[in-house]
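# Chain and residue survey
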Amino acid sequence: MERDWQGDLERWLEPYLQGLGNKTRRRMCPAYIAGLIGPGDRKSIQPMAARVSEVSYDRLHHFIGAGIWDSAPLEATLWRQADELVGGDKAWLIIDDTALPKKGKASVGVAPQYATALGKNANCQTLVSVTLASGEVPVMLSLRLFLPESWTSDAVRMAKAGVPDLLQTYRTKPEIAIEEIDRVIAAGVRFGCVLADAGYGLSASFRQALSARDLCWAVGIPRHQKVYPADVQLIFPVANRGRPRVRHVPDVKSRAAHAMLEDVKWRQVSWRRGTKGRLSARFAAVRVRIADGAPQRIGAAGAQHMPGEEAWLVGEHRSTGERKYYLSNLPADTSMKDLAGAIKARWICEQAHQQLKEELGLDHFEGRSWIGLHRHSLMTMMAYAFLQTRRLAQAGRKKKSPRATTSAQPAGSPPSHP
């Protein structure tokens, strides 16, 4: 990075510092973010303070862990800048989560749970993430801690960690994601489509909440997710005995997603150019009705979910032999290439998670409190947004050269929101 980056950082942070008010806090914020961006393998408070002689450990620690200041103005500034940087009708809003391995039991939200980074269950904290991205440029908007039931059932433990009263009720990750999406929408952030993996896509209530907000979405699902053909009809079955039927039932049975695509034509589709050439895989897609309506007893089959929203069922057959399945409510005339582009655009948030950890120390925070963890996370997101701003500015300068190449754009043009 160029030597004058710290001067650029101070100028870039000016809108944020206006929301902090207090002179000391206005000094600590740039110092903290400079510590995250600057050299050094460890980005926890003590080593950062040791590398900057004019800022003491106590003041830096107090700023993050105990200082009385509202993070909302800083967050609002981050979202406004992110929208200006990558927001618009071709932007994706990507929902995911990331695990922070952690020892002990006292740090807020720590519990044995699945850690994606490790590929197994481990003692960790899990943050639900919201990323705004356009093309190959992501900006992280939100990192919100998921509290397992082992925490929400222990009021004393939550009070000791400083969990706000309004957030002490158990919420699933999809519920947290919807709350964050509502905040993003209320802030006026522009995006065209919501993306999520199967951890969120398997939740019918999550998909239905997105549709209820008139949002386009494309999500992963398990292979056994039940669907109906798009032309399923609701009929009154003939009663052989007893009273006539009073409720409609589907005229065909629901099928697992993988079975529904068995007889559908698969074809090779390329969705974007990577560093080693065009990225492609085999895809199949068919219109279906999702089996996530109200449950109803259907003859000998017992309780079954009625047909719900019409959507695309998409299958992906990777070169490794692995198959993945997705649902999307993108319009019925959406091309296969645009469906593939939407589905595969989600990868960029994983890159953002990796950079937040490896470059900016997201997982280096050593405090135990709710407020400390979320303030540290906010500082890492601000640092990441600053770096993205500089990278885009540098790319813009390079584009003026006749040898420069343009960055990849997202496949498809989903309608803008809001």
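Residues numbered from 1 in each chain as written. Predicted model: local features only at pLDDT ≥ 70, side-chain atom pairs only at ≥ 80, totals over all residues. Heavy atoms only, no water.

### A word on the packing of helix α1 (residues 5–18) against helix α5 (residues 72–86)
- Contact geometry of α1 with α5 gives a least axis separation of 8 Å together with a crossing angle of 130°. Put simply, α1 runs oblique to α5. In the packing of α1 onto α5, the handedness of the crossing is right-handed. Here Trp12, Pro15 and Tyr16 of α1 lie close against α5, whose contacting residues are Leu74, Thr77, Leu78 and Gln81. (Axes fitted to C-alpha atoms, helices over the stretch in contact; angles between N-to-C directions. Helix = DSSP H or I, 4+ residues; strand = E, 2+ residues; numbered from the N terminus. Parallel < 35°, antiparallel > 145°, perpendicular 65-115°, else oblique. Left-handed = near helix turned anticlockwise from the far one by under 90°. Contact = heavy atoms within 4.5 Å.)

### Brief notes about the pairing of strand β3 (residues 120–134)
- For β3, a buried count of 12 out of 15 residues is recorded, marking the element as mostly surrounded by other parts of the structure.
- As paired strands, strand β1 (residues 92–101) and β3 are joined by 10 bridges and run antiparallel to one another. Of the residues in β3, the one forming a bridge with alanine 99 is threonine 126.
- Relative to β3, strand β2 (residues 111–115) is paired through 5 bridges, and the arrangement is antiparallel. Its bridge partner lying in β3, proline 112 is registered against asparagine 123.
- Here 9 bridges tie β3 to strand β4 (residues 137–146), and the two strands are oriented antiparallel to one another. (Buried < 20%, exposed > 50% of the residue type's maximum accessible area, 1.4 Å probe, protein only. Pairing = 2+ DSSP bridges.)

### Some points on the confidence of the model for the protein chain
- When pLDDT is averaged across the protein chain, the result is 89; 89% of the residues are at 70 or more.
- Below pLDDT 50 for its whole length, residues 402–415 participates in 25 contacts with residues either more than four positions away or in separate chains. (pLDDT = per-residue confidence, 0-100.)

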